[in-house]
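# Summary of the model geometry
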Amino acid sequence: MGAREWVSKVLRKVADRVAPADMAPGDMVPASMVVGSNEPPPQTEQAMQQQGMVTGGPFAPGRPLDQFFPQGQPPRQWDYETGYNIATRPRAVESKMSFETMRALLENYDVARLCIERREDEIRGLDWSIVPDETVDEDEDLVDEIRQVTDFFRKPDGVTPFDSWQQMFLDDILSFDAGAIYVRKTRGGKLGALEIVDGTTIAPLIDFWGRVPEPPAPAFVQFVQGIPAVWLRRDELIYHPFRMTPRSPYGLPPVEWLVLTINTDIRWQWHFLMYFTEGNVPDTFMKAPPDVSDPDQLKKWQEMWDSFMTGDQAWKHKVKWIPNGADPVPAKDAKFDATFPEFLLRKTCAAFKVTPDEIGFTSDSNRSTGQTQENVMYRASLEPLTKYLEGIYTRIIKEYFGFPLKFRFDLGEKEDKLAEAQTSEILVKIGAISPDEVRKNVAGLDPDPDNPVPRFIQTNYGPLPIDQIGKFVPYTWVPQEYSGYYQLRGTPLVPNTTVSVQPPQGPDGGLPPFAQAAQDAAQQAIDQANQYAESHNSPDQTGGTPLSNEDDETASVEKSAAPDDAAIFAELRRWKQNSKRRVKQGKAPRQFDSDILPDSLHDQVWEKLQKARTPEEVDAAFAGPFFW
């Protein structure tokens, strides 16, 4: 027997003792597979030779060593230690920090406990609800199912309210990353209760490939009083660490990789405690005079000094005379330097994804930096943690209730809601979305079927519906079919004493969509133009000659010129600012003398402005719409 065959034989014997008889579910791997030195199939060998994966030749990479298992077997998730499931306590095989050590550190380190309590209280204060998932149609009625699941989650174990029940679950997650929930079923096989189990007593098991075993094989073992008390299957215990790695079935809590920081801070706090107690270092040393150097003399001086200072506390506050040359030397710093402990505190807070402000340390933080840090930590910690919890609760709903529902927290961030509202306002004004979409998607309310609001573009003249773009007379928001009744901007009006605004009836028998106010304002403008024409002897209504007044050259120039809108708007702004200053001073607004404002526009504004007594009423008077 050659050396190669002897090694293969020994490896097969070892594998037979360690590997299970059936190495994969569903007979993926036969029980009689050969382990040890397995040569690859001929096609694989040929492919390696074609690609130069051989031993020999100029600078060749070499041929890989023969694989231990047959070709085509799935890989292990990680290189676990042989005999991993043979453990006497959780975390024993991996040489990781024990749960007992973590618990001792957390019990003695106040900063870590403050961070944990802060996050627990924050999540405990969130509102939650059961809602349909993405697969549910809008018209599907799930009221009874939602009520059933909601009633169950109010007391998941049948006794403890949800907020207290979740707080116990969260404590194991944030402290040890070992949250565990036992699924207790009824005799009929339905979900009866969800009971919190101390995660530090649970040791996950692995299969041959380093993964969680499938039922009916046990996936976990609980250790009680140092003995393996009970095996648990995947469908009996919910155990999903928050921070997982592919190299271990255990989670990675912050306290595990903060051990050096925590130890340093605890020792520093102990040193600081001794600073204020007796300890073995006196507060002050005293230099004796040069002529006092004998130990016996020093001892007598010390005894005499102690006799003065011991007992009567009033003596400590009196003036004492000492020989020349006796200089005090302080042994302790009178000033406390908080830089180093603050560094340790910030490092711990960063590990738990909590800002120092959140646990009460706000000395160097203002409102702006506090809000910025809080927003960053919200995205870094609170949101991932709530999504993690929502995923676990939603899995329970789907697996044990079978309903197309999901668990959802209401984070209720005021800043985020304000930003969302501002974004929605901008999108509505530019016509990207309709107010009804905001009502449904943001506010969570159904649109009003009796008063639907379509998309529109917000302009200086008011909202312009998207489906009416191109159908209005410019600068007036008047439909084109009624353009014969109105003067286009910048063109003179041919007065017609017989003109009147009589728009046709709409589909419902009322006015068309462009509002009663616009009709009244237009009719008023036409009446004023007709009166002007009659008083100035204009040509008859069939002519196309612009208005003119040869007797008044100034009026002719003023009426025939068509100032641009920018100049008109500038005048309106001046008039508005002047009116607001006057009402703030307790004075009434007055008319505005301008050669740019058309008379009709001046009269429309003044009709409302003369009644204004507050800045808000002034703004309303200049709000429009106006026609000229």
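Residues numbered from 1 in each chain as written. Predicted model: local features only at pLDDT ≥ 70, side-chain atom pairs only at ≥ 80, totals over all residues. Heavy atoms only, no water.

### So, the pattern of salt bridges
- For the structure shown, the criterion picks out 23 salt bridges.
- A salt bridge links Arg63 to Asp66; the nearest nitrogen and oxygen atoms lie 2.8 Å apart.
- Given a relative accessible area of 26%, Asp66 falls into the partly exposed group.
- Ionic pairing is found between Arg147 and Asp144, a salt bridge with its closest N-O pair at 3.1 Å. Taken as a pair, Arg147 and Asp144 lie in helix H5 (residues 143–154) at a separation of three residues, close to a single helical turn.
- A relative accessible area of 54% means that Asp144 is categorised as exposed.
- Salt bridges sharing partners connect three or more residues here, namely Arg113, Glu117, Glu120 and Asp171. (Salt bridge = Lys/Arg side-chain N within 4 Å of Asp/Glu carboxyl O. Buried < 20%, exposed > 50% of the residue type's maximum accessible area, 1.4 Å probe, protein only. Helix = DSSP H or I, 4+ residues; strand = E, 2+ residues; numbered from the N terminus.)

### Looking at the nonpolar core
- Counting residues in hydrophobic clusters, the biggest one holds 74 residues, and the most contacted among them are Phe153, Leu389 and Tyr393.
- At ten residues, the largest contribution of residues to this core is made by helix H11 (residues 367–401).
- With residues near it in sequence (within four places) discarded, Leu389 still touches Ile123, Gln166, Phe169, Leu170, Ile173 and Phe409.
- Core analysis: the second largest hydrophobic core is formed by 14 residues, Leu572, Trp575, Val583 and Leu609 among them. (Core = buried A, V, L, I, M, F, W, Y, C linked by side-chain atoms within 4.5 Å. Contact = heavy atoms within 4.5 Å.)

### Remarks on the state of the cysteines
- All chains considered together, the criterion is met by zero disulfides.
- No disulfide involves Cys115; its sulfur sits 3.9 Å from that of Cys349, the nearest cysteine. (Disulfide = S-S within 2.5 Å.)

### Looking at a nonpolar patch on the surface
- Taken together, Trp270, Leu273 and Met274 make up a surface patch of nonpolar side chains, about 310 Å² in accessible area.
- Tracing the chain through its elements places Met274 in helix H8 (residues 259–275). (Patch = residues over 30% accessible without salt bridge, like charges linked within 9 Å, V, L, I, M, F, W, Y side chains within 5 Å. Areas by Shrake-Rupley, 256 points an atom, 1.4 Å probe, with all protein chains shown as cover.)

### Thoughts on the sheet that holds strand E3 (residues 191–197)
- If you walk across this open sheet you meet the three strands as E3-E2-E7, and the pairing is antiparallel. In this open sheet, the two strands that pair with only one neighbour each are E3 and strand E7 (237–239). For this sheet the average axis-to-axis angle between neighbouring strands, irrespective of direction, equals 25°.
- Inspection of the sheet shows strand E2 (residues 180–185) paired to E3 by six bridges, in the antiparallel sense. Across the sheet, Arg184 pairs through a bridge with Ala193, a residue of E3.
- Packing against the sheet, helix H6 (residues 162–176) makes contact with E2 and E3, and its axis sits at approximately 45° to E3. (Pairing = 2+ DSSP bridges. Axes fitted to C-alpha atoms, helices over the stretch in contact; angles between N-to-C directions.)

### Points about the sheet that holds strand E6 (residues 227–232)
- The antiparallel open sheet is built from three strands, whose spatial order is E4-E5-E6. Since the sheet does not close on itself, it has two edges, and those belong to strand E4 (202–204) and E6, each with one partner. With direction set aside, neighbouring strand axes in the sheet form an average angle of 30°.
- The pairing of strand E5 (residues 220–224) with E6 spans five bridges and is classified as antiparallel. Residue Phe220 lies in a different strand from E6, and its bridge partner there is Leu232.

### Remarks on the packing of aromatic side chains
- All told, the structure shown has 27 aromatic pairs when counted by the stated rule.
- Connected via pairs of aromatic rings, a cluster forms that spans Trp128, Phe152, Phe153, Phe162, Trp165, Phe169, Tyr393, Phe401, Phe403, Phe407 and Phe409.
- We note Arg76 situated over the ring of Phe208; from NZ or CZ to the ring centre the distance is 4.5 Å. (Phe/Tyr/Trp six-rings, centres within 6.5 Å; stacked < 30°, edge-to-face > 60°. Lys NZ or Arg CZ within 6 Å of the ring centre and 35° of its normal.)

### What to know about H6
- For H6, spanning 15 residues, the distance from its first C-alpha to its last is 21 Å, which sits close to the expected 21 Å at 1.5 Å a residue.
- In terms of residue burial, H6 counts as a mostly covered element, since eleven of its 15 residues are buried.
- Along H6, the positions that sit buried rather than exposed are Phe162, Trp165, Gln166, Phe169, Leu170, Asp171, Asp172, Ile173, Leu174, Ser175 and Phe176.
- Where H6 terminates, the next one or two residues include Asp177, which has phi positive at roughly 50°. (Expected span 1.5 Å × (residues − 1).)

### Side note on the side chain of Ser175
- On the secondary structure map, Ser175 appears in helix H6.
- The buried category is assigned to Ser175, whose relative accessible area is 1%.
- Those residues in contact with Ser175 that sit more than four places away from it in its chain are Leu106, Arg113, Ile116, Pro253 and Val255.

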